[in-house]
Structure formats: C-alpha cells, structure tokens
There are 2 protein chains.
Amino acid sequence: MAKIKIGIVGYGNLGKGAIEAIKVSPDIELVAVFTRRDPQSLQIDGVKTLHIGDAPNYQNEIDVMILCGGSATDLPEQAPIFAEMFNTVDSFDTHAKIPEFFELVNRAAVSSKKTSIISVGWDPGLFSINRVLADAILPVGENYTFWGKGLSQGHSDAIRRVEGVKHGVQYTIPSEDAMDKVRSGLNPELSTAEKHSRVCYVVAEEGADLASIENEIKTMPNYFADYNTEVNFITEEELQRDHSKAPHGGFVIRGGNTGNGNKQIYEFSLKLDSNPEFTASVLVAYARAAYRLNKENQYGAKSVFDVAPSYISPRTAEELRKDYL
Amino acid sequence: MAKIKIGIVGYGNLGKGAIEAIKVSPDIELVAVFTRRDPQSLQIDGVKTLHIGDAPNYQNEIDVMILCGGSATDLPEQAPIFAEMFNTVDSFDTHAKIPEFFELVNRAAVSSKKTSIISVGWDPGLFSINRVLADAILPVGENYTFWGKGLSQGHSDAIRRVEGVKHGVQYTIPSEDAMDKVRSGLNPELSTAEKHSRVCYVVAEEGADLASIENEIKTMPNYFADYNTEVNFITEEELQRDHSKAPHGGFVIRGGNTGNGNKQIYEFSLKLDSNPEFTASVLVAYARAAYRLNKENQYGAKSVFDVAPSYISPRTAEELRKDYL
C-alpha cells in the first residue's frame, strides 16, 4: 500500500519530534522539512530540507502538512495559508483563541476542499478528549485538570528575567493533596493555585543577592505570588546535568455520581520524558486521520473531537476489533 | 429540540443503571422497558413496562434500543433481531467472539439501514479506545491492562460451589508492584497472574472445615491455582454490610518510547463504586452516537473505535471547542 506522504513546516523541537515519530510509523513517509531559514543550513540525516517558500510547488507530492510552528505568531499566520493548499494538522494551544483560529482555518480548508485538524497534542488534544468523554458519560460530576510535573517555558523565562539570575528552570507540580481529594470523589472547589505548586532551580550570577532573588521570584504577580513556590539555588553543572530535558504531563480526573450516590472516578494521565516528542507523536497519528477524512470528502477544519479512534490507527478495522476491543 | 427516544431491553442491573443514566441526560427520554417477564410484575416509578414481544410495534416510537442482556446467551440471540428493527447499543463482552458477533449484527443492521454500536462499556469500551489511541500515538511500546479492584461474578460463583460455603465474594486486585514496574517504563513481561491477586471473603456453613475450604479454593484450577489468593472467613452480617456493592475498575497503561529513548507513560483508569451503573452510563452516551450516526446514513455495526468523541456528547461543537478543547 502507498505510504502517506508528509511535509513538516518548522524545524524546532516539535519538528524534530515529528521526524522521529515518522521514523517509527511504517505507513508514513517524510517528503521534506520546510523552513524559513536557509535550507542548506539544516543538515538532517536522510531528510530533504526546503525553503518554506517552495511549499506551494509540493501540493502534488504531499498528502498532509504537519505545522510545527508556535501558537503565538506562527500558526495564526501559517495555518490558514497552508490550509488553502494542503491537508494540515497543528498544535495550536492558545485556549482562549481556539474558536477564532478554527473559523479562520475552516474557511480556508472548506474552500480548498482540504482537511485541517487543529489543536492536536495532549492539552489541547488527549486531555480534551477525556474531558469530553468523561462529561458525556457522567453528566453529574466535575472535571479537574492538573498539569505536571512539568517544565514550564513561560515561567522559566520569567525567572531568567530576574536581576542576578544567570539561568533558571521552573517545574509545575500538581498537588498530591488536591489530587487525593478529587480522587476520593469529594468534588472540591479548587483554584489553579491550590492545584499546583511551583519549584524553581536557579543558577545565580557570581556575587548576586540570593535572598533578594528568592524574594523577587516568590512575589512575582501572576507567575508565582499566588502559588506555593520553592526556590533552589544550584550550580551551572547541576542545571546541565539534571534539568536539560523537557518533561511534562498531567492528569484529567472526573469525579462523577450515578444512581443513588455511587461514586465513579475517571482518570487519564501522562508522564512524559519529552513533551515535544510526545506532542509530535500525536500530530503524526492525527496526520493519518486528516488524510483519511479528506479521502472521505470530509473537508474543513476539525478538532480531535471530530476524529474517531480508528482514524488515527495504522491497523485495520478487523485487527482492532479482534485484538484491541 | 426533540429528545432522543430510548427503549431498554432487559431489567437486570444494567437496565436499572440505564434508567438512572437517562434521568440525568436532558436530551434523552425513556419510552419503555421491555422484559421477558410479565411486565405487570415490574413496578418501576414513572416507567412504562412492556413485554419484549411488543417491541416490533414500537419502531416508530423509539430512536435507539439499549440492549441490557447478558453476553452468554441474550445478546447473541437478541442483537441481530433488534438490529433489523432499531438502532441499538449493547455491551457484548465475550472478547473472543466479538468478530463473529460484529458480522451477525452488521448484516442485520446494513439490510435494515439501522446503526448498531456493539461492545460498549468500559472493557470492552473505554479501555479499548485507550489501547488503540496509545498504540497509535506511541508505536514503540507495550500496552498493559489491569483489572480491579473489582468484584468478579464468575469467581464469586466458583467460591460458592465449594462444599461448606454458604456465601462468598471474590475481588480481583491489581498488583501494585507490577503496576509500578509498568509505570516506570520498564515494559516487563507479565502474565495475568503476575498482574493480579485474588481476595476472597467467605461465609462458611456452620461446622464446616475452614482449612479444607481454604485449600479447595486456593488450588482450584483456572480460577485460583495460578494466582496469589487470600481467603478470609467472615460472618453473614459482615458480608451484607461490607460486600453488597459491585465495585470495579482497572487500568490501561502504555509504556512508550520516542526519539532517543525518552519514556512516555500513558495511563487511563477507572475506580467505580457501581460497575453496572457506570457501564449503563456509557451505553446511554453511545445511544446518542447511534442516533446521530444513523441520521448521517452511517448504517451497519460499529464499535467505539468508529465513534468520534463529539458524537457521544450532548454539547454543541462550538461549546466543546470553546470550553473543552
């Protein structure tokens, strides 16, 4: 059977993860990586690199384009343009702007008879699926989402802006106490701050005032002030050795009730060594779905809510029913 | 908007659970419960009861029939017959016979232009969905399914057949040790017996030989001999007080690898006070999907693999994207 032919737009951590995920997908092949940089500057083993401006010439060579840009500026600009030429998947994750983004992409994809699956990954993505399934199955109940243990890029950046800080990383940690309450079916009211604490590892400049750095971090509005925050000072070597990965994960838990007060606890969780590699793996699986939906003339923008599980699997319907049901 | 009109076939624990689930579903209404017994003998508050033989007269009154019979004899007989008259959902759970069951139901539903979603519940059902998603997203890895803590009807029956046993219940307990190994990403080889232990609570007849009962249970082939089995003798009062519910649940865990050996742990779990009420809640949510798929002319037998998440939710696509994505 012919393989599904994929293009990747963007060679950051997500694009690199997508290359790895395609390598282990026997029914999918990578045609090229498209970049805004000089394509000659990217030397990727066995992978063709092209300038993003060449993409329009590859409409007949590529079944699905995986958009690996960021949500702040890349995707709002690129997704509607690419949806006019290709089936696409993206990981747009600015929650508040999803409805607007969906409309933009939908308009483009409907007019070009292409299929675009937006906001694919784990949150939004797998977590969203579980919030919907749990809510539909247990109408009486409450959904909870916890994030972590995970490296937060935004909070790490905030630490690094503090005077006297040379390097720093921040982990978001879900509160075990809050999770236990939720798992017991109590359906407590919990703020984001009550659900999470923040742990920082900081490399200070030589001679910097540590107490003042710690105080400035802990009192930083929005980022840390409302949270239980811990600040640890470490050496540059320790940072390199212990904090160079991008782990993440989290939990979606629903405490539901059925009948005469029976508690039903629904839980989904991920514990990821590499956030971008996992997100890219989800994108590649949903590229399969975009290709298949398009073959069925299901045009326009879709979300993970519109995709049946079988569409992301390389296995046949018969095999799934026999071995996985 | 008109509500989705449901009929329930069978008034056992699952049928009772379905009545409760429909009560909390604002877009769904119950038309009648169909039974093989004398319908006059069932007095259910506010619910019409009819003989199962009257079902053919209700084809215009009922959008989806929820089949709440057992997998051993009821469903293989009823499902193909009902699929000739109604959209249906069922919880057929004899894993080895699913392909054959699917074909039977599919033939009936295709010819009648009806839609039947088979093997709905949590295993098969939600667990199956998670096995497929995890496998598709993390092709390099291993799926593990653990059951429990849960009351096993088959094993409880086996205990009660032992001479000198008056009453007894058996719980299947997942091994914490095995789960920890799986969660660490080691992807160990584990037999079903290594993944679970069995805990029995037995009420003995007066004067019975307890040591001999314990020995007979622990050495019973297939049921207990291969397992770490614990036998506790309790009084009739304790059994009534502590063991009258039907709790169940379990775990689907995939240990996956991406890129250069990064571990990615995917986990789904349920902790259920009432197994039949939860299963019935899943059936009612998928009845919504059967109704909608049929409206879209998607005829024939389907499994949970063929149903996109939005189809089981009472919420609009806009609401889901805005609040759940």
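Just so you know, these numbers come straight off a predicted model, no measurement behind them.

Participant: How would you sum up the domain arrangement of chain A? Please name residues and give values.
Facilitator: Interface size is commonly expressed as the accessible area that is lost once the parts come together. Residue and element names in this part refer to chain A. Taken as a whole, chain A is organised into domain 1 (4-123 + 276-324) and domain 2 (129-273). Taking the mean C-alpha position of each, domain 1 and domain 2 sit 29 Å from one another. Taken together, the contact pairs eight residues of domain 1 with eleven residues of domain 2. The contact between domain 1 and domain 2 buries some 720 Å² in all, and 75% of this surface belongs to carbon and sulfur atoms.

Participant: Give me the pairing of strand β12 (residues 248-258) of chain A: which residues, what numbers.
Facilitator: A regular strand places its side chains so that they alternate between the two faces of the sheet. Residues and elements named next belong to chain A. Taking burial as the measure, the eleven residues of β12 include ten buried ones, the bulk of the element. With seven bridges joining them, strand β7 (residues 141-147) and β12 adopt antiparallel strand pairing. Paired with F146 across the bridge in β12 is F251. Pairing of β12 with strand β13 (residues 262-272), which is carried by eleven bridges, proceeds in the antiparallel orientation. Looking at the pairing, G250 lines up with L270 of β13.

Participant: Before we move on, can you summarise the interface of chain B and chain A with the specific residues and values?
Facilitator: Between chain B and chain A, the contact holds 66 residues from the first and 66 residues from the second. With both sides pooled, the region where chain B packs onto chain A buries about 5500 Å², and carbon together with sulfur makes up 62% of that total. Applying the counting rule to chain B against chain A returns two salt bridges. D135 of chain A serves as the salt-bridge partner of R315 of chain B, at 2.7 Å between the closest nitrogen and oxygen. Put simply, the parts of the chain that give the side of chain B that touches chain A at least two residues each are α3 (98-112), α4 (126-137), β13 (262-272), α10 (275-295) and α11 (317-323) of chain B. Top contributing element to the side of chain B that touches chain A by residue count: β13 of chain B, with eleven residues. Considered class by class, the residues forming the side of chain B that touches chain A number 32 nonpolar, 17 polar and 17 charged. Where β13 of chain A meets β13 of chain B, nine bridges bridge the pair, whose relative direction is antiparallel.

Participant: An account of α4 of chain B is needed here, citing residue identities and associated values.
Facilitator: With twelve residues, α4 of chain B should reach 16 Å at 1.5 Å per residue; the first-to-last C-alpha distance of 17 Å fits that figure. Most of α4 of chain B is tucked away, with twelve of its twelve residues classed as buried.

Participant: Tell me about unusual backbone geometry, and name the residues and values.
Facilitator: Each neighbour pair has its own omega, and for G148 of chain A with K149 of chain A the value is -5°, a cis peptide bond. Relative to the assigned elements, K149 of chain A resides in the loop between β7 and β8 (150-151). In this structure, the amide linkage connecting D123 of chain B to the following residue, P124 of chain B, adopts the cis form with an omega of 5°. Positionally, P124 of chain B belongs in the loop between β6 (115-117) and α4. Its identity as a non-glycine residue notwithstanding, N222 of chain A has a phi of 65°, on the positive side. Along the polypeptide, N222 of chain A turns up in the loop between α8 (210-218) and β11 (228-233).

Participant: Give me the lowdown on the side chain of R254 of chain A, citing residues and values where you can.
Facilitator: Residues and elements named next belong to chain A. Within the secondary structure layout, R254 lies in strand β12. Among the polar contacts made by the side chain of R254, one reaches the main-chain carbonyl oxygen of P139 at a distance of 3.5 Å. Within the structure, the side chain of R254 is placed 3.2 Å from the backbone oxygen of G141, a separation counted as a polar contact.

Participant: Tell me about the confidence of the model for chain A, residues and numbers included.
Facilitator: Summary statistics for chain A give a mean pLDDT of 96 and a share of 100% for residues scoring 70 or more. Quick note on the complex model: pTM equals 0.96, ipTM equals 0.95.

Participant: Help me get a handle on the sheet that holds strand β10 (residues 196-204) of chain B, residues and values and all.
Facilitator: All names here are of chain B. Taken in spatial order, the four strands make up an open sheet running β8-β9-β10-β11, and their pairing is mixed. At either margin of the open sheet sits one strand with a lone partner, and together these are β8 (150-151) and β11 (228-233). Summarising the sheet, strand β9 (residues 165-174) and β10 pair through nine bridges and their orientation is antiparallel. The residue of β10 that forms the bridge with V169 is Y201. Helix α5 (residues 153-160) rests against β8, β9 and β10 of the sheet, and its axis sits at about 145° to β9. The strands that helix α8 (residues 210-218) touches are β9, β10 and β11; relative to β11, the one it contacts most, it runs at about 150°.

Thresholds, definitions, all that
Residues numbered from 1 in each chain as written. Chains lettered and ligands numbered in written order. Predicted model: local features only at pLDDT ≥ 70, side-chain atom pairs only at ≥ 80, totals over all residues. Heavy atoms only, no water. Domains from an automatic or database assignment. Contact = heavy atoms within 4.5 Å. Buried area = accessible area lost by both parts, 1.4 Å probe. Buried < 20%, exposed > 50% of the residue type's maximum accessible area, 1.4 Å probe, protein only. Helix = DSSP H or I, 4+ residues; strand = E, 2+ residues; numbered from the N terminus. Pairing = 2+ DSSP bridges. Salt bridge = Lys/Arg side-chain N within 4 Å of Asp/Glu carboxyl O. Nonpolar A, V, L, I, M, F, W, Y, C, P; charged D, E, K, R; others polar. Expected span 1.5 Å × (residues − 1). Polar contact = N/O pair within 3.5 Å; in protein donor to acceptor, adjacent residues only side chain to side chain. pLDDT = per-residue confidence, 0-100. Axes fitted to C-alpha atoms, helices over the stretch in contact; angles between N-to-C directions.

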